[in-house]
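Residue-level structure breakdown
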Amino acid sequence: MADAEVAKKMLRGILQSNKGGVSLSHLQSEYKELTGEHIPHKQMGHSNLDALLASMPSLVRMERSRSGEVVYFASGAKETGHLAKVVARQRTSKKTGRPHLVNTQMRVKPAAPLVLNGKKMPQESDVLNKEGRNRRMTLPSRFQKEVHAHLSRNSQQTAPPSNLNESFGSGKAKPYNPQLVQGHIREILAKYSNGFWVSKLPQMYRELYKQDLPTETKLPGHVLVNLDLLSDICTIDYPMPDNPKRAILYRRSSTGGGGGEDENCNRRNSSASEEELRVRKELGRRLSNQAVPPLQIPKEEYPSVLVVEATNTNGVLLRYIGEGYSQAQESMEDEMREFYGLDQSSPTPVSSLSSGQLVAVRAEEEEEILRAQVCEVMTDKVKVYYVDHGFSEVISKNKVFELHERFFKLPFQAAKCKLAGLEPFCQDPAVLKKFETMASGKILLAEILERGQTPLVVLYDTSQDDDININAACMKALHDKSLASPLQVNSAYMNVAISSVCSDGTIYCQPPSRALTKMNETLEKIETYFHSQVTSEFLVSRPFCGKRCLSRYKGKWSRVEITNLHGSRVLDILFIDVGVQASVEVFELREIPSPFLHDLIAIPPQAVKCCLADLAVSVGSWTPDAVQWLRDKVLNTTDCSMKVAKVDEKKRCIHVHLFTDKNFHDPDRSLNRQMAQSELLKQQPDVFLTSHSSARISTPTSSTKTSSASNSTNGSPTSANVPIKPHLRRALSGPKGSGGGGNTTTTPSSPTETPSSPTSSLQLPPPLELPTIGNNMDVYVSLACHPGHFVLQPWGDMYRLVVLMGEMILYYNKTEEKPLNVEKNQVYAAKVENSWHRVLVKGVLNSGLVSVYELDYGKHELVSCTQLRPLIKEFRQLPFQGITAQLAGVKQRQWSEEASIVFRHHVEKKPMVAQLEAVQEATNPWERKLTVFLVDTSQEEKDTWVHDIMAEFADELTNEL
């Protein structure tokens, strides 16, 4: 097994059978299970397995998660060859080439299975399944379930289920009629004159005649054991002499005794009798009308899809990628290519064709046999529709064959979907042209919003640094280019409104333009329209990222785009005409009324992204004081002027010199010059990272006086004082009088509470209440580094944490941002990615970044100091949910990377049962540490104790060394 090519084939098979990726230890164990040997990395010229895998980029793709785990996938470099050929044939005139691979794994087609005398032999996977089950009993227990799952996957891919269509029959046989049954068997033999495995006879009989093969005292109960009883109607071949049950049946010549015909030869090219032609025609008619199982939408929320084409965005043609879909289809087409053959023994074409008939077609390139449906029959040619690939082709009749019943099991793979948000513009030429450019022929991710016969989806291209929302990009194609007014270098603009100043120093402005005037007029008409309507009828029922709708800004309806969703209630939006981001509840959004939809969509966003030119400190490094100074200067002012210095096309940002009056000819009067000469952009020195030990936490305070809500200095749509809803306040603090899980009841403070002084104490949540030693608790493992360090969350309180984080998003995304003196070892609210978390500050850097520890999830993050806020009292009621723990039942050691990967694979981001062994108390709740046994109870047949897995893994590594 040391042969390099054989080893590569085995590795490829293992990687392809693990769609979600496989760890290094899992890869090694599966290889050993299948071959009896370790991966021969030394024989292949590499000192370790990592180096071997890194040397094979065409075979192996490596990814590293945020937690540091290395996962290996089958490489996509050669995996889309089959799709590429089919798509290229379908789109020859469009010259799109091979499909663009985005976030998916396809497989390299295996070599054709062994064939003996024109008949298919048992495949290698069948033998592996049998041998694997025998060897599995001698493996360590940690491998048995994983190997069993792997073999089950292989079995499902190589042997289709016995019944995919429940409508084939009730399972009860009709009264036995020997002549009828014998006639049916003759028909099957005539239909499959190329031979078939006797073990398939009951299944074929049931699927063809909608009833079970009878089991009565004559046929076929003992016939399947004593096949000689069928010798008068068929020829029997035993390719495996030691296993008579693995026999192949062939139809005996109608002349009897063989008539000079070799029993083991393929008879497809011999002249067929009139009776045989009649039987074939009748069976072909039955099979053409046979029900094919409907295509089921993948269960995952973001399946990979190959986009074929779209002549209407309400019916985009696509194919689902992955196990059970494209992989099953390719397996079927491999079998079809083998079954129909590409040599002299290939089957004869169908003699009679009719519209709607299902057939097998040899494609024009002479390499593929595909399933198709007849669309139109002509003199010498026929137009067919490839039901798995979604396109039509006119071909010669001699390339069309009967479709064998075994190829009716897989659902047709060509499917349709509807692009969300584009329904009113489904046939707009600009939309379809944009879609053709960005999506056709590519493999994308599809977010499924509604499941139905034609699912509603949002498509994403994830091949770039930033994910591209295809639906939103197509919507932007509707912008009226005549309304665009790009700013020119060295040009000056007056009467400019500064709509927003972001915390990183980015500025959004509105230069006067025809588009701005038209937008304001349209929005005023919408205000009037809503006054005469019941606006609740325009509530947004299906929010999704990229959707354009309306929300209130400074008391008026304004255009917004949904940028992120936090569950079903809270979402993030961008006011596209002012550049302000906010978080709202979904009921605050309204659909754009249809009478104004086309006009409003055609107007490009009116917020122009700018930054101040010629400053020593770039955008992203501004101090809070500098941001506040600029906001005080320019917000709520409509007569600013600016001069364009440079246009950065890559970052889509315009560098400007900004003035608060019309004197843009004097550079000394610019805000750029004033800021450069000030101390505003100078950073404070780093705070060194040290351990925290204080039991009381001093209050973080603002370094400047709170400005009034009416000033709204960041352009936020609502005031700074946002109350917490009473019912949600109760949910955060827990039911009155409850004692479990640390649900202590406290009197909520005023919703506008801010710390009173730098020396006041910050009241922290009570510690989580734990079960007594030896008792169990349901937990969720939010983070796992190794058996010596992982983080648990109490399962019963997770809904309260979800409510808390939703309220924090609504509160902090609407409150006014104020400069904050961030101190080490203090508790704050911090914005990490798109959510707000309760954090402990571990250190402050002069780059403006802050190292924080998420108290509810156990993660360490680096965030900008501008993303921190005081943690108000309402958000200090729920105990911090992250509990640090170590695994009981194993000797703590310096865990290897392999052991850490195995541990993470079994526990991270999974619900478990924790049996409490010991508690190490500490002054602060985040310093407590538990020692627990972890038990996986997700399987019905048995519970899995994680310490057993880790102990066995450690012993195995020791033995190997």
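Residues numbered from 1 in each chain as written. Predicted model: local features only at pLDDT ≥ 70, side-chain atom pairs only at ≥ 80, totals over all residues. Heavy atoms only, no water.

For the chain, the count of helices and strands is 20 helices and 38 strands. Counting every position in the chain, which comprises 961 residues, the buried fraction comes to 51%. Carbon and sulfur atoms make up 50% of the accessible area of the chain, which totals about 44700 Å². (Helix = DSSP H or I, 4+ residues; strand = E, 2+ residues; numbered from the N terminus. Buried < 20%, exposed > 50% of the residue type's maximum accessible area, 1.4 Å probe, protein only. Areas by Shrake-Rupley, 256 points an atom, 1.4 Å probe, with all protein chains shown as cover.)

On to the sheet that holds strand β23 (residues 570–575). A sheet is described by the order of its strands in space; here four strands give the open sequence β21-β22-β23-β24, paired in antiparallel fashion. Among the strands making up the open sheet, the edge pair consists of β21 (548–553) and β24 (580–585). Ignoring which end each strand starts from, the neighbouring axes of this sheet average 50 degrees apart. (Pairing = 2+ DSSP bridges. Axes fitted to C-alpha atoms, helices over the stretch in contact; angles between N-to-C directions.)

Right, let's get into the pattern of salt bridges. Where charged atoms of side chains with opposite charge meet at close range, the side chains can pair. Considering all chains together, one arrives at 17 salt bridges under this definition. In this structure, the salt-bridge partner of arginine 800 is aspartate 797, at a minimum N-O distance of 3.6 Å. Judged by its relative accessible area of 8%, aspartate 797 is buried. The residue arginine 904 makes a salt bridge to glutamate 897 at a minimum N-O spacing of 3.5 Å. A relative accessible area of 6% means that arginine 904 is categorised as buried. (Salt bridge = Lys/Arg side-chain N within 4 Å of Asp/Glu carboxyl O.)

With that settled, the discussion passes to unusual backbone geometry. Unlike most non-glycine residues, aspartate 614 shows phi in positive territory, near 60 degrees. Of the residues examined, aspartate 614 reaches a relative accessible area of 65% and is grouped as exposed. Backbone geometry places lysine 909, a non-glycine residue, at a positive phi of 60 degrees. By the secondary structure assignment, lysine 909 is in the loop between α19 (897–907) and β36 (911–920). Relative accessible area serves as the criterion here: at 47%, lysine 909 is assigned to the partly exposed category.

Structurally, cysteine 375 is set in strand β11 (residues 369–377). As for cysteine 375 and serine 354, which are separated by 21 residues in sequence, their C-alpha atoms are 8.3 Å apart. Every residue in contact with cysteine 375, bar those within four places of it in the chain, is listed here: Ser355, Lys383, Val384 and Tyr385. (Contact = heavy atoms within 4.5 Å.)

The end-to-end C-alpha separation of helix α7 (residues 178–191) is 20 Å, in line with the 20 Å expected for 14 residues at 1.5 Å each. Looking only at α7, the buried set comprises Val181, His184, Ile185, Glu187, Ile188, Leu189, Ala190 and Lys191. (Expected span 1.5 Å × (residues − 1).)

Within the largest apolar cluster, 43 residues are counted, with the highest numbers of intra-cluster contacts made by Val307, Leu419, Phe435, Leu459, Ile470 and Leu550. It is helix α13 (residues 514–531) that contributes the most residues to this core, six residues altogether. Sequence-distant contacts of isoleucine 470, defined by excluding residues within four places in its chain, comprise Phe435, Met438, Ala439, Leu444, Leu459, Tyr460 and Asp461. (Core = buried A, V, L, I, M, F, W, Y, C linked by side-chain atoms within 4.5 Å.)

Quick look at a nonpolar patch on the surface now. On the surface, a nonpolar cluster with roughly 230 Å² of combined accessible area is contributed by Leu845, Leu849 and Leu862. Residue placement: leucine 845 occurs in the loop between β31 (835–844) and β32 (849–854). (Patch = residues over 30% accessible without salt bridge, like charges linked within 9 Å, V, L, I, M, F, W, Y side chains within 5 Å.)

On average, the chain scores 75 in pLDDT, and the residues at 70 or more come to 71%. Counted against residues more than four places away or in other chains, residues 254–272, with its pLDDT under 50, gives 32 contacts. This model gives residues 687–760 a pLDDT under 50, and the stretch forms 158 contacts once residues within four places in sequence are excluded. (pLDDT = per-residue confidence, 0-100.)

Ordered by their spatial adjacency, three strands build an open sheet running β5-β7-β6, and the pairing between neighbours is antiparallel. The sheet is open, and its two edges are formed by β5 (196–197) and β6 (234–237), each paired on a single side. Looking at chain direction, β5 and strand β7 (residues 248–251) are connected through two bridges and run antiparallel. Pairing of tryptophan 197 across the sheet is with isoleucine 248, part of β7.

The residue threonine 313 is located in the loop between β8 (304–309) and β9 (316–321) in this model. Among the residues examined, threonine 313 registers a relative accessible area of 0% and is labelled buried. If we ignore the near neighbours within four places in the chain, the residues touching threonine 313 are Cys417, Lys418, Leu419, Leu422, Phe425, Cys426, Val431 and Leu432.

Space inside the largest cavity adds up to approximately 70 Å³. In this structure, the largest cavity is lined by Pro624, Val627, Gln628, Arg631, Glu817, Lys818, Pro819, Leu820, Cys865, Thr866, Leu868 and Arg869. Secondary-structure elements contributing two or more residues to the lining of the largest cavity are α15 (624–634) and β34 (868–870). Ranked by residue count, the leading element in the lining of the largest cavity is α15, at four residues. The class makeup of the residues in the lining of the largest cavity is six nonpolar, two polar and four charged. Along its surface, the second largest cavity is lined by Pro767, Leu768, Leu855, Phe880, Gly882, Ile883, Pro925, Trp926 and Arg928. Residues belonging to the lining of the second largest cavity are distributed by class as follows: seven nonpolar, one polar and one charged. (1 Å grid on protein atoms, 1.4 Å probe; cavity = no way out; pocket = protein on both sides within 12 Å on 5 of 7 lines; lining within 4 Å. Points joined across faces, edges and corners; volume = space filled by probe spheres on them. Nonpolar A, V, L, I, M, F, W, Y, C, P; charged D, E, K, R; others polar.)

Glancing now at the side chain of serine 641. Looking at the secondary structure, you find serine 641 in strand β26 (residues 640–648). In terms of polar contacts, serine 641 uses its side chain to reach the backbone carbonyl oxygen of aspartate 661, at 2.3 Å. Each residue touching serine 641, except ones within four places of it in the same chain, is listed here: Tyr493, Met494, His657, Leu658, Phe659, Asp661, Lys662, Asn663 and Phe664. (Polar contact = N/O pair within 3.5 Å; in protein donor to acceptor, adjacent residues only side chain to side chain.)

Over its 15 residues, helix α18 (residues 798–812) extends 21 Å from the first C-alpha to the last, a length consistent with the 21 Å expected when each residue adds 1.5 Å. By the criterion of burial, α18 is predominantly enclosed, with twelve of the 15 residues buried. If you check which residues of α18 are buried, you get Arg800, Leu801, Val803, Leu804, Met805, Gly806, Glu807, Met808, Ile809, Leu810, Tyr811 and Tyr812.

Taken together, the side chains of Lys433, Lys434, Lys476, Lys481 and Arg652 present a region of like positive charge at the surface. As for its position among the elements, arginine 652 is in the loop between β26 and β27 (653–659). Take arginine 652: its relative accessible area is 69%, and that puts it in the exposed class. (Lys, Arg positive; Asp, Glu negative; His and termini not counted. Charge placed at Lys NZ, Arg CZ, Asp CG, Glu CD.)

Within the fold, arginine 559 resides in strand β22 (residues 556–566). Classification of arginine 559 by relative accessible area gives buried; the value is 3%. The spatial distance from the C-alpha of arginine 559 to the C-alpha of leucine 600 is 8.6 Å, given a sequence separation of 41 residues.

It is worth spelling out the packing of α7 against helix α8 (residues 201–209) at this point. Packing of α7 against α8 brings their axes to within 11 Å, and their N-to-C directions diverge by 100 degrees. Here α7 is positioned roughly perpendicular relative to α8, judged by the angle of their axes. Across the interface between the two elements, Val181, His184, Glu187 and Ile188 of α7 pack against Leu201, Met204, Tyr205, Leu208 and Tyr209 of α8. Class assignment for the residues of the contact of α7 with α8 results in seven nonpolar, one polar and one charged. (Parallel < 35°, antiparallel > 145°, perpendicular 65-115°, else oblique.)

Further remarks concern the packing of aromatic side chains. The full count for this structure, using the stated rule, is 21 aromatic pairs. Between the aromatic rings of tyrosine 553 and phenylalanine 575, the centroid separation amounts to 5.1 Å while the plane-to-plane angle is 45 degrees, which identifies the pairing as tilted. In this pair, tyrosine 553 sits in strand β21 while phenylalanine 575 sits in strand β23, placing the two residues 22 residues apart along the sequence. Residue classification places phenylalanine 575 among the buried positions, given a relative accessible area of 1%. When the centroid spacing of 6.0 Å and the interplanar angle of 70 degrees are considered together, the rings of phenylalanine 933 and tryptophan 945 count as edge-to-face. Placement of phenylalanine 933 in strand β37 (residues 929–936) and of tryptophan 945 in strand β38 (residues 944–945) is noted, with a sequence separation of twelve residues between them. (Phe/Tyr/Trp six-rings, centres within 6.5 Å; stacked < 30°, edge-to-face > 60°.)

Moving on: the pairing of strand β17 (residues 456–461). With six of its six residues buried, β17 lies for the most part within the structure. Residues Leu456, Val458 and Tyr460 point to one face of β17 and Val457, Leu459 and Asp461 to the other, with burial holding for every one of them. Here two bridges tie strand β15 (residues 415–419) to β17, and the two strands are oriented parallel to one another. Residue pairing for β17: leucine 419 is matched across the bridge by valine 457.

Quick look at the pairing of strand β16 (residues 443–450) now. Put simply, side chains in a regular strand alternate between the two faces of the sheet. Of all the eight residues making up β16, seven are buried; the element is thus mostly covered by neighbouring parts of the structure. In textbook terms, the turn of a hairpin is the stretch between consecutive antiparallel strands, and for β16 and β17 this stretch comprises five residues.

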